[in-house]
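These are the residues of each chain, in order.
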Amino acid sequence: FLSCYAAEKQLYLQMFNKGLLSENAYHLLNHDIDLEIDLMRYHSAVTGKTPIGVMRKSYLKFIHALASIPGFAKLADTFKINELISEYEEKWGLHQGSTSVLNHLDEIAKLESINDSAVTVVRQCFQSWLEATKRHLDEAAEQFPEFVTDMQDRLARRLLLNAKIETIVHQAKSGILQ
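So, here is what we can say about the structure in this document. (Residues numbered from 1 in each chain as written. Predicted model: local features only at pLDDT ≥ 70, side-chain atom pairs only at ≥ 80, totals over all residues. Heavy atoms only, no water.)

Broken down by element type, the protein carries six helices and zero strands. Counting all 178 residues of the protein, 34% fall into the buried class. Looking at charge distribution, the protein has the averaged site of its 19 positive side-chain charges lying 3 Å from that of its 23 negative ones. (Helix = DSSP H or I, 4+ residues; strand = E, 2+ residues; numbered from the N terminus. Buried < 20%, exposed > 50% of the residue type's maximum accessible area, 1.4 Å probe, protein only. Lys, Arg positive; Asp, Glu negative; His and termini not counted. Charge placed at Lys NZ, Arg CZ, Asp CG, Glu CD.)

As structure tokens, this is what we get:
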């Protein structure tokens, strides 16, 4: 698990550096992995659910309480929208991280000489997290189709910008551009 978590953390850093994750989502994802590592290290266990939660639950309770105070409903709505954006981005990042780990799990297992039964356990955990994040992203797309379309458009623009930057850097290194 620890090697997979390290690979996942590295992916999140790359995604953050390329602008594909916000600073908030990056820190939340890293924090969640740190909690998973501590759980593994001190209790030899992993969470059975998607490893995102405690701070978000407290924040949602705060927003709910704020909405019930007269005159603060508009502020609470703004917080709810920001939370929706953050949660979507975080679940999308976790989806990408789980997909990446699953795609590279056999390679990681060979490098680390991990036995087949341990690889199966790791694969099952990351597969369950992947399925949970996929369900969440699909539910968000059903409930808020315009929002998800906007988020995907924003992501597509960032990916296109990153591809353009990589092309320019490659052309500059090869001497095509000066």
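Moving on from the model shown.
The subject of this paragraph is a nonpolar patch on the surface. Together, Ile 69, Phe 72 and Leu 75 line one region of the surface with nonpolar side chains, adding up to about 240 Å² of accessible area. Looking at the element boundaries, Leu 75 is found in helix H4 (residues 73-112). On the basis of relative accessibility, which here comes to 38%, the residue Leu 75 falls in the partly exposed class. (Patch = residues over 30% accessible without salt bridge, like charges linked within 9 Å, V, L, I, M, F, W, Y side chains within 5 Å. Areas by Shrake-Rupley, 256 points an atom, 1.4 Å probe, with all protein chains shown as cover. Salt bridge = Lys/Arg side-chain N within 4 Å of Asp/Glu carboxyl O.)

Between helix H2 (residues 23-43) and H4, the shortest axis-to-axis distance is 9 Å and the interhelical angle comes to 55 degrees. For the element pair H2 / H4, the angle class is oblique. In this structure, the crossing between H2 and H4 has a hand that is right-handed. On the side of H2, the interface is formed by Asn 24, Ala 25, Leu 28, Leu 29 and Asp 32, while H4 contributes Ser 86, Glu 89, Glu 90, Gly 93 and Leu 94. The residue makeup of the contact of H2 with H4, split by class, is four nonpolar, three polar and three charged. (Axes fitted to C-alpha atoms, helices over the stretch in contact; angles between N-to-C directions. Parallel < 35°, antiparallel > 145°, perpendicular 65-115°, else oblique. Left-handed = near helix turned anticlockwise from the far one by under 90°. Contact = heavy atoms within 4.5 Å. Nonpolar A, V, L, I, M, F, W, Y, C, P; charged D, E, K, R; others polar.)

Let us look at the nonpolar core. Judged by nonpolar contacts, the single largest core of 34 residues is most densely connected at Tyr 12 and Phe 126. Mapped onto this core, the elements with two or more residues apiece are helix H1 (2-17), H2, H4, helix H5 (116-143) and helix H6 (145-173). Other than its neighbours up to four places away in sequence, Phe 126 contacts Phe 1, Cys 4, Tyr 5, Glu 8, Ser 98, Val 101 and Leu 102. (Core = buried A, V, L, I, M, F, W, Y, C linked by side-chain atoms within 4.5 Å.)

Once that is clear, we can look at the state of the cysteines. On inspection of all chains with the given rule, the structure shows zero disulfides. Among the cysteines around Cys 4, which has no disulfide bond, Cys 125 carries the closest sulfur, lying 10 Å off. Judged by relative accessible area, which is 2%, Cys 4 ranks as buried. (Disulfide = S-S within 2.5 Å.)

Another aspect to go through is the pattern of salt bridges. Where charged atoms from two side chains of opposite charge approach closely, those side chains can pair. Per the stated rule, a full pass over the model turns up six salt bridges. One salt bridge connects Arg 123 with Asp 106, and the closest N-O pair in it is separated by 2.8 Å. On the criterion of sequence distance, the pair formed by Arg 123 in helix H5 and Asp 106 in helix H4 is long-range, its members being 17 residues apart. A relative accessible area of 30% means that Arg 123 is categorised as partly exposed. Accessibility expressed as a relative area gives 44% for Asp 106, which makes it partly exposed.

Summarising the element assignment, Ser 86 is placed in helix H4. If we ignore the near neighbours within four places in the chain, the residues touching Ser 86 are Asn 24, Leu 28 and Arg 56.

Between its first and last C-alpha, H5 extends 40 Å over 28 residues, near the 40 Å set by a 1.5 Å rise per residue. Along H5, the positions that sit buried rather than exposed are Val 119, Val 122, Cys 125, Phe 126, Trp 129, Leu 130, Ala 132, Thr 133, His 136, Leu 137 and Ala 140. (Expected span 1.5 Å × (residues − 1).)

To continue, consider the packing of aromatic side chains. As enumerated under the stated definition, the model contains five aromatic pairs in all. With a centroid separation of 6.0 Å and an interplanar angle of 50 degrees, the aromatic rings of Tyr 5 and Phe 126 are classed as tilted. With a gap of 121 residues between them, Tyr 5 in helix H1 and Phe 126 in helix H5 connect regions that are remote in the sequence. The pair Tyr 5 / Phe 126 is uniform in exposure class, with both members buried. Geometrically, the ring pair formed by Phe 16 and Tyr 26 is stacked, given 4.8 Å between the ring centres and 15 degrees between the ring planes. Of this pair, Phe 16 sits in helix H1 while Tyr 26 is found in helix H2, placing the two residues 10 residues apart along the sequence. Judged by relative accessible area, Phe 16 falls into the partly exposed class, the value being 28%. An aromatic cluster of three or more residues is present, and its members are Tyr 5, Phe 126 and Trp 129. (Phe/Tyr/Trp six-rings, centres within 6.5 Å; stacked < 30°, edge-to-face > 60°.)

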